[in-house]
Amino acid sequence: MDHNPILQSIAQQVGGGQSGSADPKLQFTVPCFEVEYQESQAPTLRYIFYDLPFPELPFKMSFHVVNGWIGSTRQRQQEIKIFKPDGSLFVQTGQQPLQFVDEYTPFMAVNFFPDMPFSEPGQYYIAVYLEQKEIIRYPLTVRVVEQPGGAPSAAAPRPADT
């Protein structure tokens, strides 16, 4: 084992302290509009966003949520839930298997949410679960973009600048 304390810490976080038997770690969760696949390469995430500025509501929008997991060799289950501003459940994926090659190879879970009918502005929340335990919850702001003069914009929504 390397004697560098930073590298030791990273190895413990990724490996979970027990070779292959620990729960995997969520490396990232990213909402985006496109996922591009190329043979023998990890997918490319395009048009990453953190909010949804719409010209009007209600509005339907399709998007992906991509989760990167690492640090396990056992099959596990993930689930994604999206909550409305009032806290009620908007959509959920159900339990999805995570299949790991080894504890050092990431598993990318790509979820597509087609034509989601957003009807009200506010803070929606994306929650990621592992074995029915919430791992992370983060906001997704839905808002109406207004033109100068107070009228809603006629332009289609665009991904936020990154």
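Structure: see above.
Cut-offs applied
- Residues numbered from 1 in each chain as written.
- Predicted model: local features only at pLDDT ≥ 70, side-chain atom pairs only at ≥ 80, totals over all residues.
- Heavy atoms only, no water.
- Core = buried A, V, L, I, M, F, W, Y, C linked by side-chain atoms within 4.5 Å.
- Buried < 20%, exposed > 50% of the residue type's maximum accessible area, 1.4 Å probe, protein only.
- Helix = DSSP H or I, 4+ residues; strand = E, 2+ residues; numbered from the N terminus.
- Salt bridge = Lys/Arg side-chain N within 4 Å of Asp/Glu carboxyl O.
- Polar contact = N/O pair within 3.5 Å; in protein donor to acceptor, adjacent residues only side chain to side chain.
- Contact = heavy atoms within 4.5 Å.
- Phe/Tyr/Trp six-rings, centres within 6.5 Å; stacked < 30°, edge-to-face > 60°.
- Lys NZ or Arg CZ within 6 Å of the ring centre and 35° of its normal.
- Pairing = 2+ DSSP bridges.
- Axes fitted to C-alpha atoms, helices over the stretch in contact; angles between N-to-C directions.

## A few points about the nonpolar core
Here is step 1 of the chain: In this structure, Leu52, Met61, Phe63, Val65, Phe113, Phe118 and Ile126 are the most contacted members of the largest nonpolar core, which totals 18 residues.
Here is step 2 of the chain: Elements represented by at least two residues in this core include exactly β3 (51-54), β4 (59-70), β5 (76-83), β8 (107-118), β9 (122-130) and β10 (133-144).
Here is step 3 of the chain: Core analysis: the second largest hydrophobic core is formed by six residues, Trp69, Leu98, Val128 and Leu130 among them.

## Digging into the pattern of salt bridges
Here is step 1 of the chain: All told, the structure shown has five salt bridges when counted by the stated rule.
Here is step 2 of the chain: The partner of Arg46 in a salt bridge is Glu34, with the nearest N and O atoms 3.7 Å apart. Of this pair, Arg46 sits in strand β2 (residues 44-48) while Glu34 sits in strand β1 (residues 25-36), and the two are twelve residues apart along the sequence.
Here is step 3 of the chain: Arg46 gets classed as partly exposed once you look at its relative accessible area, which sits at 31%.
Here is step 4 of the chain: Looking at Glu34, the relative accessible area reads 36%, which means it is partly exposed.
Here is step 5 of the chain: In this structure, a network of salt bridges that share partners links the residues Glu34, Glu36 and Arg46.

## What about the side chain of Glu79?
Here is step 1 of the chain: With respect to the helices and strands, the residue Glu79 is situated in strand β5.
Here is step 2 of the chain: A polar side-chain atom of Glu79 sits 2.9 Å from a polar atom in the side chain of Gln92.
Here is step 3 of the chain: Of the polar contacts made by the side chain of Glu79, one reaches the backbone nitrogen of Gly94; its length is 3.4 Å.
Here is step 4 of the chain: The residues contacting Glu79, other than those within four sequence positions of it, are Gln92, Thr93, Gly94, Gln95, Ala127, Val128 and Tyr129.

## Re unusual backbone geometry
Here is step 1 of the chain: In this model, Leu57 is joined to Pro58 through a cis peptide bond whose omega is 5 degrees.
Here is step 2 of the chain: Despite not being glycine, Glu131 has its phi angle at roughly 50 degrees, a positive value.
Here is step 3 of the chain: Residue placement: Glu131 occurs in the loop between β9 and β10.
Here is step 4 of the chain: A residue is classified by how much of its surface remains accessible, and Glu131, at 38% relative accessible area, is partly exposed.

## Observations concerning the environment of Leu52
Here is step 1 of the chain: Inspection of the secondary structure assignment puts Leu52 in strand β3.
Here is step 2 of the chain: Its relative accessible area of 1% is what places Leu52 among the buried residues.
Here is step 3 of the chain: Spatially, the C-alpha atom of Leu52 lies 7.3 Å from that of Leu140, the residues being 88 residues apart in sequence.
Here is step 4 of the chain: Those residues in contact with Leu52 that sit more than four places away from it in its chain are Phe33, Met61, Phe118, Leu140, Thr141, Val142 and Arg143.

## Focus on the packing of aromatic side chains
Here is step 1 of the chain: Within this structure, the stated rule accounts for ten aromatic pairs.
Here is step 2 of the chain: Feature note: the residues Phe33, Phe49, Phe54, Phe59, Phe63, Phe90, Phe113, Phe118 and Tyr124 constitute an aromatic cluster, connected by ring pairs.
Here is step 3 of the chain: Here the basic side chain of Lys81 rests over the ring of Tyr129, its NZ or CZ set 4.8 Å away from the ring centre.

## As for the side chain of Gln96
Here is step 1 of the chain: Mapped onto the elements of the fold, Gln96 is located in strand β7 (residues 96-98).
Here is step 2 of the chain: A distance of 2.5 Å separates a polar atom in the side chain of Gln96 from a polar atom in the side chain of Asn111.
Here is step 3 of the chain: Each residue touching Gln96, except ones within four places of it in the same chain, is listed here: Arg76, Gln77, Gln78 and Asn111.

## Here's the deal with the sheet that holds β1
Through backbone hydrogen bonds, the strands of a sheet pair up, either in parallel or in antiparallel fashion.
Here is step 1 of the chain: Across the sheet, which stays open at both edges, the four strands sit in the order β2-β1-β4-β8 with antiparallel pairing between neighbours. With partners counted over all chains shown, the strands left at the sheet margins are β2 and β8, one partner each. Neighbouring strand axes in the sheet, compared pairwise and without regard to direction, differ in orientation by 40 degrees on average.
Here is step 2 of the chain: Bridging between β4 and β8 involves ten bridges; their strand directions are antiparallel. Looking at β8, one finds that Val66 is bridged to Val110.

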